[in-house]
Amino acid sequence: MDKTTNSISNIRVRFAPSPTGYLHIGNARTALFNYLFAQKTKGFLILRIEDTDRERSSGEYEQSIIEDLKWIGIQWDEGPDTDGHFGPYRQTERIEIYKEFAENLLKEKKAYYCYCTKEEIEERNKQSSIEKKAGYDNNCRTLTEQQAGKYIKEGRKPVLRLIVPEKTLVVYDLVRGKVEFNTSLINDFVIMKSDGIPTYHFAVVIDDLLMEISHVIRGEDHLSNTPKHILIYEALGKQTPQFAHMSMTLGSDRSRLSKRHGATSVRAYKEEGYLPEAFFNYISLLGWATGDDKEIFSREELINEFSIEKCSKVNAIFDPKKLLWLNGIYIRKEKPLKIFQASMPFIKQAGILDDVLKQSQETIEKIITLQQERIKTLKDVPALIEFFVKEEIEYKKEDIEKFSEGTIKNMLKNLLNELTNIEFKHEILEDSVRKFCEQNNLKTSDIFHPLRVAVTGRIKGPGLFEAMEVIGKEKVLKRIENFLSY
Ligand code: GLU
């Protein structure tokens, strides 16, 4: 997309993963919707790394998330790995910024230091009969200077809490419509922890504000955090961005998508040999639809047709079978050479790279074309092309036994002589083998089956004569001889 510095769009969205694990399908969907919205509106997508949970965050996870987003084909305009005027884009590099905002709130008496220990709060909650304040009883809101001084002397490190006024907050969520929150159930919550690190709520608001985010598009699991975020915006005297909370992605039993439902990370699907284009298309269907039954969309179509209004309030169900089906569709319409190139990691893994590299590009393309409809994921490719490229193939014991009966063996031997003298074009091959059957009073299956086993080492596969043509005369004859020698 052409985005000059004086772009007219002021739409800015962000995807803000916490690097505490591999990119999850549900999060990839959220990233995709942000991407599609930005592309559609000629706006900007920001990638922000929310790594304030230092124990669980890691640089490796951050790297893997970036790689996986790129694999899907989601590009951002600003992020930790690109330039941008609103950086840094990693929260741990922004700690001083949060501190400054926190100090201002403290000065303006919109926040206060709280010295209570976890144990003290728990103990008071136990004693308290006011259930709604369970969590925190706003104890330090009215702390005297003297009391505070005493705690400081004791060496207590305070957290900073935001004063929560009692009121009703109203949000017009672009997916959910009007949502009201009553703050009576929200205690004065922590915005800065005792180690000087902001909480998620505080960092997310400061960043969205400073990065001039116009639309916060995220999962519905964050809807319950939204009142806290609005309270922070209000304390800062700032306007909130627009919110759009996307439905969740669930497993087949409607529980939260987890390992129980199979692979949940994008990486696992990449490693299983899914095509990124198919994955891109599939996750776009998780909570969004055009209203008709259309399910197959190119990237451009998705950008054109995407709108937040068409996002569903109903949770989506992740269906791995459908993803596999869609992957098959993309594989079948892909160019053979592209499939081959994308399969390279699997070919290497299977240890057949040397044999593959001995083939011409034309041969490889022919092989893939012959097998294309059988490829469900790229991981299937090595096993499907192996017998074409390998010098020697192995036979299953049962196949050798089945076809080593005297007459079949003799017939194959005679056929071998015939094959020696003909040109290896599939039409010619088929013609001669059929004629051979006729002349010898054989059913075609009597010869086709053992011939297929001798040439390919398996009982099923692509068109026998097309395969023979691609494998080539020399290798085919050698294989039949070899088979007969058992
Ligand atoms: N870092 C949060 C998460 O990974 C996202 C925060 C947000 O989108 O507001 O769930």
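Conventions used here
- Residues numbered from 1 in each chain as written.
- Predicted model: local features only at pLDDT ≥ 70, side-chain atom pairs only at ≥ 80, totals over all residues.
- Heavy atoms only, no water.
- Buried < 20%, exposed > 50% of the residue type's maximum accessible area, 1.4 Å probe, protein only.
- Helix = DSSP H or I, 4+ residues; strand = E, 2+ residues; numbered from the N terminus.
- Pairing = 2+ DSSP bridges.
- Axes fitted to C-alpha atoms, helices over the stretch in contact; angles between N-to-C directions.
- Contact = heavy atoms within 4.5 Å.
- Near = heavy atom within 4 Å.
- Polar contact = N/O pair within 3.5 Å; in protein donor to acceptor, adjacent residues only side chain to side chain.
- Areas by Shrake-Rupley, 256 points an atom, 1.4 Å probe, with all protein chains shown as cover.
- Nonpolar A, V, L, I, M, F, W, Y, C, P; charged D, E, K, R; others polar.
- Phe/Tyr/Trp six-rings, centres within 6.5 Å; stacked < 30°, edge-to-face > 60°.

**Student:** Quick question: what am I supposed to make of the pairing of strand 5 (residues 168–173) here?
**Tutor:** Along any regular strand the residues' side chains alternate between the sheet's two faces. Only one face of strand 5 is buried: it carries Leu 169, Val 171 and Asp 173, and the other face, with Thr 168, Val 170 and Tyr 172, is open. Two strands pair when backbone bridges link them, and strand 5 and strand 6 (residues 177–182) are joined in this way by 6 bridges, in the antiparallel orientation. Paired with Val 171 across the bridge in strand 6 is Val 179. Hairpin remark: strand 5 followed by strand 6, antiparallel, with 3 residues in the connecting loop.

**Student:** What should I look at first to understand the sheet that holds strand 3 (residues 111–114) in this one?
**Tutor:** By definition, the strands of a sheet pair up through backbone hydrogen bonds, in either a parallel or an antiparallel sense. In spatial order, the strands read 3-4-7; together these 3 strands make up an open sheet with antiparallel pairing. Each edge of the sheet is formed by a strand with only one pairing partner; in this case those strands are strand 3 and strand 7 (190–192). Averaged over all pairs of adjacent strands, the angle between strand axes in this sheet comes to 45°, irrespective of strand direction. By the bridge criterion, 4 bridges tie strand 3 to strand 4 (residues 159–162) in an arrangement that is antiparallel. Residue pairing for strand 4: Tyr 113 is matched across the bridge by Leu 160.

**Student:** In this structure, what is going on with the environment of Ile 213? I would like to understand it.
**Tutor:** Looking at where Ile 213 falls in the secondary structure, it is placed in the loop between helix 6 (200–210) and strand 8 (215–219). Given a relative accessible area of 7%, Ile 213 falls into the buried group. Expressed as a C-alpha distance, the spacing of Ile 213 and Glu 55, which sit 158 residues apart in the sequence, is 28 Å. Discounting residues that sit within four places of it in the chain, Ile 213 has contacts with Arg 12, Val 13, Arg 14, Ile 46, Asp 208 and Pro 241.

**Student:** Help me out: how do you make sense of the site of the ligand in this one?
**Tutor:** Neighbouring the ligand are the residues Arg 14, Ala 16, Pro 17, Ser 18, Glu 50, Tyr 200, Val 204, Arg 218 and His 222. Within the side chain of Tyr 200, an N or O atom sits 3.0 Å from an oxygen atom of the ligand. The separation between an oxygen atom of the ligand and a polar side-chain atom of His 222 is 2.9 Å. Protein chains shield 84% of the accessible area of the ligand, which is 300 Å² for the free molecule. Here the residues of the shell around the ligand sort into 4 nonpolar, 2 polar and 3 charged.

**Student:** Before we go on, may I ask you to explain the packing of aromatic side chains in this structure?
**Tutor:** Each aromatic ring pair is characterised by the separation of its centres together with the angle its planes make. Under the counting rule described, the total for this entry stands at 16 aromatic pairs. With a centroid separation of 5.1 Å and an interplanar angle of 50°, the aromatic rings of Phe 33 and Phe 306 are classed as tilted. One end of the pair, Phe 33, is in helix 1 (residues 25–40); the other, Phe 306, is in the loop between helix 10 (299–305) and strand 11 (316–317), with 273 residues separating them in the sequence. Taken together, a centroid distance of 5.7 Å and an interplanar angle of 70° make the contact between Tyr 282 and Phe 318 edge-to-face. Separated by 36 residues along the polypeptide, Tyr 282 in helix 9 (residues 276–284) and Phe 318 in the loop between strand 11 and helix 11 (320–333) bring together distant segments of the chain. On the basis of relative accessibility, which here comes to 3%, the residue Tyr 282 falls in the buried class. By relative accessible area, which is 2% here, Phe 318 ends up buried. Following the ring pairs from residue to residue traces out a cluster consisting of Trp 71, Tyr 269, Tyr 274, Phe 279, Tyr 282 and Phe 318.

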